[in-house]
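What the coordinates show
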Amino acid sequence: MNNLRIGYWPNSKLLDAPGDRRRLIFYLDSKGLTYEVYNQSKSYDLVYLSQAADITQINKIKNTGAKIFYDNIDSYSSEELSFESFFRGMARYLMGRNQYPIINYTNFLNNNALPSVDAVVCASIEQLNISRKYASNVFCIPDHTHNEEVSLKTDYSSKKIINIGWEGLGSNVYQLNILKDVLEEYAKTYEFNLHVISDKFSYRYMNKFLKVDTEKSLKKISKNIIFHEWEGHSYSSILTSCDFAIIPIDLKNKMASGKPENKLINIWKMGLPVITSSTDSYKRVMNDCNLDLICENKNEWVNKLKMLSDDGDLRETLAKKAYNYAIENYGQDAVTRRWDEMFNVF
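Sequence order as written defines the numbering, with residues in each chain counted from 1. The predicted nature of this model means local features are confined to residues of pLDDT at least 70 and side-chain atom pairs, given and counted, to a pLDDT of 80 or more, with totals for whole chains, interfaces and linings taken over all residues. The side-chain figures draw on all heavy atoms in the structure; neither hydrogens nor water molecules are used.

**Topic: the sheet that holds strand β12 (residues 244–247)**
Two modes of strand pairing occur in sheets, parallel and antiparallel, and in both the strands are linked by backbone hydrogen bonds. Ordered in space as β11-β8-β7-β12-β13-β14, the six strands form an open sheet in which the pairing is parallel. Of all the strands in the sheet, the pair left with one neighbour each is β11 (225–229) and β14 (294–295). Strand pairing is assigned whenever DSSP identifies at least 2 bridges connecting the two strands. Here a helix means four or more residues in a row that DSSP labels H or I, a strand means two or more in a row labelled E, and each is numbered from the N terminus.

This is the structure:
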């Protein structure tokens, strides 16, 4: 690959979005391989498209003779028909992100884009199985942290106030709403702080429309929330200062419930036990790790919050078990090997 001319169509201009730095950029940097941001006026041996790329240009790129890989990691392939999914392609066209308008983005992605590229790259087994319905060369490669400071928790002793962590994009903070009643019930018997680490502002639609102040929106969920703006050098140390973390997911939303296990694995690598909603990917890795921290209803959430809050030794035992599993199956060597295996096919 040392002599390949690689053009990358990124999620962000500075290549600092998680979908950039934790995926292809991580691999290329770790291998010392050169690449550049895709420029349609240049020719390449390989063009790697993130999910921010203009999929209406795939045939045009193919005509240059380049191999095309597509990062299909945000569950658009499983998204049900809705106002947003139907008009996403038109909105991208009007915003200048697509060269041509698309009616029904999901349908175009599955039936036009995926069959046309040389490789589809997913981040979970569940996404891989869906993508295989539309493409022949599909690979599963999880995220790996890159250009971030990652801490490891060592102190599991119990304090008077329980500290719980949540980390994620501002566009996903709304997921915490499903725990509003859970946190209200939990607060009757426990003193706690919920540390939310996220973007200061986000947008409700297309990452451009209806700006949301994250800290203000959190006040509607619980008075026990402490907001921290996400920064690569500090988010992990804030998480590891907590007793455990949570990942609630709106299971009625297929885009949300179809997400891979990346966030869970990332927190496990920090030495924290994590309570999650029962998405397919979370259930799979919890079962593989022989852990039972999945919740399907309010009672299960309340009971598992209490269980971890009451027992520091249990938190440490579960955290170390999860850490070992994550390092063995999702550590740098394991993830790099998956990238190697994919590129070796070509």
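**Section: the pattern of salt bridges**
When a carboxyl oxygen of Asp or Glu is within 4 Å of a side-chain nitrogen of Lys or Arg, the pair counts as a salt bridge. Scanning the entire structure with this criterion turns up 17 salt bridges. Residue R22 pairs with E148 through a salt bridge whose shortest N-O separation is 2.8 Å. In this pair, R22 sits in the loop between α1 (18–21) and α2 (24–31) while E148 sits in the loop between β6 (138–140) and β7 (162–167), placing the two residues 126 residues apart along the sequence. Type-normalised accessible area, obtained with a 1.4 Å probe on protein chains alone, sets the label of each residue: buried when under 20%, exposed when over 50%, and partly exposed for intermediate values. Its relative accessible area of 10% is what places R22 among the buried residues. Between D340 and K31 there is a salt bridge, with its nearest N and O atoms 3.3 Å apart.

**Focus: helix α12 (residues 280–288)**
Here α12 has its buried residues at S281, Y282, R284, V285 and M286. Residues are treated as being in contact if the distance between any of their heavy atoms lies within 4.5 Å. Those residues of α12 that are buried lie in contact with α6 (125–131), β12, α11 (262–268), β13 (274–277), β14 and α14 (312–330).

**What about empty space enclosed by the protein?**
Taking a probe equal in size to a water molecule and rolling it over the atoms shows the remaining empty space. Points on a 1 Å grid over protein atoms alone make up a cavity when a 1.4 Å probe fits among them but cannot get out, and a pocket when they form an open set with protein on both sides within 12 Å along at least five of seven lines; lining residues each have an atom within 4 Å of a point. Grid points are joined across faces, edges and corners, and a volume is the space filled by probe spheres set on the points. If you walk through the whole model with that rule in mind, you get two cavities of 30 Å³ or more. Here the largest cavity defines a volume of roughly 70 Å³. Lys, Arg, Asp and Glu make up the charged group, whereas Ala, Val, Leu, Ile, Met, Phe, Trp, Tyr, Cys and Pro make up the nonpolar group; the residues left over, Gly among them, are polar. For the lining of the largest cavity, the per-class residue count stands at three nonpolar, four polar and three charged. Looking at the second largest cavity, its volume works out to about 40 Å³. Lining the second largest cavity, in full, are N72, S75, S77, S78, Q127, I130 and S131.

**What about the packing of aromatic side chains?**
Side-chain rings of Phe, Tyr and Trp, where Trp is taken by its six-membered ring, are said to pair if the distance between their centres is within 6.5 Å; with planes under 30 degrees apart they count as stacked, over 60 as edge-to-face, and otherwise as tilted. Overall, the coordinates contain 17 aromatic pairs when judged by the stated rule. When the centroid spacing of 5.9 Å and the interplanar angle of 75° are considered together, the rings of Y76 and Y105 count as edge-to-face. One end of the pair, Y76, is in the loop between β4 (67–71) and α4 (83–94); the other, Y105, is in helix α5 (residues 105–116), and 29 residues separate them in sequence. According to the relative accessible area criterion, Y105 is buried, its value standing at 1%. Here the aromatic residues Y8, Y27, Y48, F69, F139, W339, F343 and F346 are joined through ring pairs into a cluster of three or more. Taking the ring centre of Y156 as reference, the NZ or CZ of K153 above it sits at 5.6 Å. Working rule: Lys NZ or Arg CZ, within 6 Å of ring centre, within 35 degrees of ring normal, means a charge sits over the ring. Above the face of the Y330 ring, R338 is positioned so that its terminal group lies 5.9 Å from the ring centre.

**Topic: the nonpolar core**
Among the buried residues, those of types Ala, Val, Leu, Ile, Met, Phe, Trp, Tyr and Cys that are joined through side-chain atoms within 4.5 Å form a nonpolar core. In this structure, I164, L176, L194, I246, W268 and I275 are the most contacted members of the largest nonpolar core, which totals 53 residues. The greatest single-element share of this core, amounting to five residues, is contributed by α14. Filtering out sequence-adjacent residues up to four positions away, I275 remains in contact with F244, A245, I246, I247, L293, C295, W301, K304, L305 and L308.

**With respect to the environment of K200**
Looking at the element boundaries, K200 is found in the loop between β8 (192–198) and β9 (201–205). Through-space distance from the C-alpha of K200 to that of L169 is 9.5 Å; in sequence the pair is 31 residues apart. Filtering out sequence-adjacent residues up to four positions away, K200 remains in contact with V212, D213, T214, E215, F227 and E229.

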